[in-house]
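Overview (structure and organization)
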Amino acid sequence: MTARLRKPQDGLFTGTVDAYDTSNNTYRITFDRSGLGTHSIPDNEVLSSEEPETMPLANFTAKARPRPQPQQQQQHPQQQQLLHQQQMAQPAHQHVIVTSM
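Quick look at the structure, then.

Quick word on the side chain of T26
Looking at the element boundaries, T26 is found in strand β3 (residues 26-31). Not counting residues up to four positions away in its chain, the partners in contact with T26 are A19, Y20, D21, S40, I41, P42 and D43.

What follows is the structure, encoded as structure tokens:
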């Protein structure tokens, strides 16, 4: 890890992250150079020395999958007859045309 240290000496120095303070957005870094010690450094002044971990973009794109075809439910003759009776029992809609004189 490389971080910008302003006091006791201004510059960029390497060190090890001990902790991350989420409430203050700072890293607690123990610096490698003797005499620098441990300091809380704002997260925008810290840079990782390691190669960033990446993933292929294809992992996040939608992949087309065949959809299963809906299955037609077979109705028993008794169900068909009941449905027909219910439809016949409903009153027919009457349309009224109103004209103004």
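Looking at the packing of aromatic side chains
For the structure on display, the rule yields two aromatic pairs. An angle of 85° between the planes, with centres 6.4 Å apart, marks the rings of F13 and F31 as edge-to-face. In this pair, F13 sits in strand β2 (residues 11-21) while F31 sits in strand β3, placing the two residues 18 residues apart along the sequence. Accessibility assignment for this pair places F13 and F31 in one class, buried. Here Y20 and Y27 contribute two aromatic rings whose centre-to-centre distance is 4.7 Å and whose plane-to-plane angle is 55°, an arrangement assigned as tilted. Looking at Y20, the relative accessible area reads 38%, which means it is partly exposed.

A short note on the nonpolar core
A3, L5, F13, I29, F31, L36, I41 and V46 together form the largest nonpolar core, which totals eight residues. In this view, F13 contacts M1, T2, A3, L5, F31, R33 and L36; residues no more than four positions away in its chain are not counted.

Description of the environment of D21
Checked against the element boundaries, D21 lands in strand β2. Separated by 21 residues in sequence, D21 and P42 have C-alpha atoms that sit 9.4 Å apart.

A look at the sheet that holds strand β4 (residues 38-42)
Overall, antiparallel pairing links the five strands, which are arranged β4-β3-β2-β1-β5 in an open sheet. With one partner strand each, in any of the chains shown, β4 and β5 (46-47) form the two edges of the open sheet. As defined by bridge partners, β3 adjoins β4 across five bridges and the pair is classed as antiparallel. By the bridge assignment for β4, T26 is matched with P42.

Rules used throughout
Residues numbered from 1 in each chain as written. Predicted model: local features only at pLDDT ≥ 70, side-chain atom pairs only at ≥ 80, totals over all residues. Heavy atoms only, no water. Helix = DSSP H or I, 4+ residues; strand = E, 2+ residues; numbered from the N terminus. Contact = heavy atoms within 4.5 Å. Phe/Tyr/Trp six-rings, centres within 6.5 Å; stacked < 30°, edge-to-face > 60°. Buried < 20%, exposed > 50% of the residue type's maximum accessible area, 1.4 Å probe, protein only. Core = buried A, V, L, I, M, F, W, Y, C linked by side-chain atoms within 4.5 Å. Pairing = 2+ DSSP bridges.

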